[in-house]
Amino acid sequence: MSVYIGCFVGVGVGPGDPELMTLKAVRHIESADVIAFLVNDKGHSQAKDIANLFIESQTLLPILMPMADDAKVGDAVYDQASEQIQSLLDDNKKVVFLCEGDPLFYASFTYLLSRLDHNSTLVVPGISSPQSAACALQHPLTMLTESYCVITGRHDDAFIESTLKNYDSIVIMKAGRARVKILNCLENSNRLNEAKYLEYIGRDNEFIEEDVTQLDKQAGPYFSMFVVTKKDRPR
Ligand SMILES: C[S@@+](CC[C@H](N)C(=O)[O-])C[C@H]1O[C@@H](n2cnc3c(N)ncnc32)[C@H](O)[C@@H]1O
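Quick look at the structure, then. Here, residues in each chain are numbered from 1, in the same order as that chain's written sequence. Local features are withheld for residues below a pLDDT of 70 in this predicted model, meaning they are given only at 70 or higher, and side-chain atom pairs are given and counted only at 80 or more; totals for whole chains, interfaces and linings count all residues. Note that water and hydrogens are dropped before the side-chain values are worked out from all heavy atoms of the structure.

**Overview of the side chain of serine 189**
Then, number 1: Assignment of secondary structure puts serine 189 in the loop between helix 7 (179-188) and strand 8 (195-199).
Then, number 2: Within the structure, the side chain of serine 189 is placed 2.6 Å from the backbone oxygen of cysteine 185, a separation counted as a polar contact.
Then, number 3: Beyond its immediate sequence surroundings of up to four residues, serine 189 is in contact with Glu161 and Leu164. Put simply, DSSP H or I for four residues or longer makes a helix, DSSP E for two residues or longer makes a strand, and each gets a number counted from the N terminus. The definition of a polar contact used here is a pair of N or O atoms within 3.5 Å, where within protein one atom must be able to donate a hydrogen and the other to accept one, and adjacent residues in sequence count solely through side-chain atom pairs. Residues are treated as being in contact if the distance between any of their heavy atoms lies within 4.5 Å.

In structure tokens:
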């Protein structure tokens, strides 16, 4: 029997390596009645892949999130999913929603959290991708008084370039379709030689390019990012 009945738990499963899941994340997954997660058009979920070791007899609730630029498509999916989850909670089920990385950092969980009653929700933090990027590179994100900013490839060129100018360390998330734009912004800001690129951190297909001038000038996968840090640092 579940300890947390009628409860909705957003569980961060970390960026890719299942060994980076917390003990708390595993405990909540193992004791869930229902495991919910987003799937893409191909039926794939990165978050479920990461947590698979701990999923046995729990009921699965895949939520199809089609690739669309129109926010109304996402809104309709979250509206319907939150209704489904609410009826499970009313039935005293414990529902765990798997979130890649951390559940409150650029995460789909936030849209469900805002639609459900906060008295019956819990959030379990996870290691987010910028932290695991720094560890994969064995390179500090920040040192001493350095400033740090996280942006996305969905920002426009002017915003990306002004961030590259004004901050010491910058992580650029959601780099996939924006790869070419980001490379141009790095060049215009004279920071090409301070940038590193990572794909699928912690997964079998992890790819790291420390010389971003070697990257093809074409779109990359969704699970990719750039990390920019100052060249001259104290040793
Ligand atoms: C919707 S956000 C999810 C962020 C996540 N909640 C976190 O805490 O890292 C998706 C973006 O995170 C980044 N990302 C997440 N996991 C990654 C990984 N394993 N490798 C590379 N980038 C990743 C990519 O930039 C991707 O476009």
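**Description of the site of the ligand**
Then, number 1: The full set close to the ligand counts 16 residues, and Glu100, Phe105, Ser129, Tyr222 and Ser224 are the nearest of them.
Then, number 2: The backbone of tyrosine 200 places a nitrogen or oxygen atom 3.3 Å from a nitrogen atom of the ligand.
Then, number 3: In these tables, accessible area is a Shrake-Rupley quantity obtained with a 1.4 Å probe, and a residue counts as shielded only by the protein chains included in the view. The fraction of the free accessible surface of the ligand (560 Å²) that becomes covered by protein chains is 96%.
Then, number 4: Side-chain classes follow a simple rule in which Ala, Val, Leu, Ile, Met, Phe, Trp, Tyr, Cys and Pro form the nonpolar group, Asp, Glu, Lys and Arg form the charged group, and the remainder, Gly included, forms the polar group. In terms of residue class, the shell around the ligand is built from nine nonpolar, four polar and three charged.
Then, number 5: For each domain, the first and last residues come from an automatic or database assignment. When residues are assigned to domains, the shell around the ligand turns out to be shared by domain 1 (7-127) and domain 2 (130-228), each giving three or more. Proximity is defined per residue: if any heavy atom of the residue lies within 4 Å of a molecule or strand, that residue is considered near it.

**A few points about unusual backbone geometry**
Then, number 1: Located in the positive-phi region is glutamine 138, a residue other than glycine, with phi close to 50°.
Then, number 2: Looking at the element boundaries, glutamine 138 is found in the loop between helix 5 (129-137) and strand 6 (148-152).
Then, number 3: The phi dihedral of tyrosine 200 is positive, around 45°, even though this residue is not glycine.
Then, number 4: In this structure tyrosine 200 comes out as partly exposed when scored by relative accessible area, which is 22%. Relative accessibility under 20% of the residue-type maximum defines a buried residue, over 50% an exposed one, and the middle range a partly exposed one, all with a 1.4 Å probe and only protein chains included.

**Quick word on the sheet that holds strand 4 (residues 94-99)**
Then, number 1: Think of it this way: DSSP has to see at least two bridges between two strands before they count as a pair. Read across the open sheet, the five strands follow the order 3-2-4-1-5; overall the sheet is parallel. For this open sheet the edge positions go to strand 3 (59-64) and strand 5 (121-124), each flanked by a neighbour on one side alone. Neighbour to neighbour, the strand axes of the sheet diverge by 20° on average, direction disregarded.
Then, number 2: Where strand 1 (residues 7-12) meets strand 5, four bridges bridge the pair, whose relative direction is parallel. Following the sheet pairing, valine 11 is matched in strand 5 by valine 124.
Then, number 3: Note on definitions: angles span 0 to 180 degrees between N-to-C directions of axes, and those axes are lines fitted to C-alpha atoms, for helices only across the stretch in contact. Against the sheet, helix 1 (residues 23-30) engages strand 1, strand 2 (34-39), strand 4 and strand 5, with an angle of about 140° to strand 1.
Then, number 4: Packed on one face of the sheet, helix 3 (residues 71-90) meets strand 1, strand 2, strand 3 and strand 4 and runs near 160° to strand 3.

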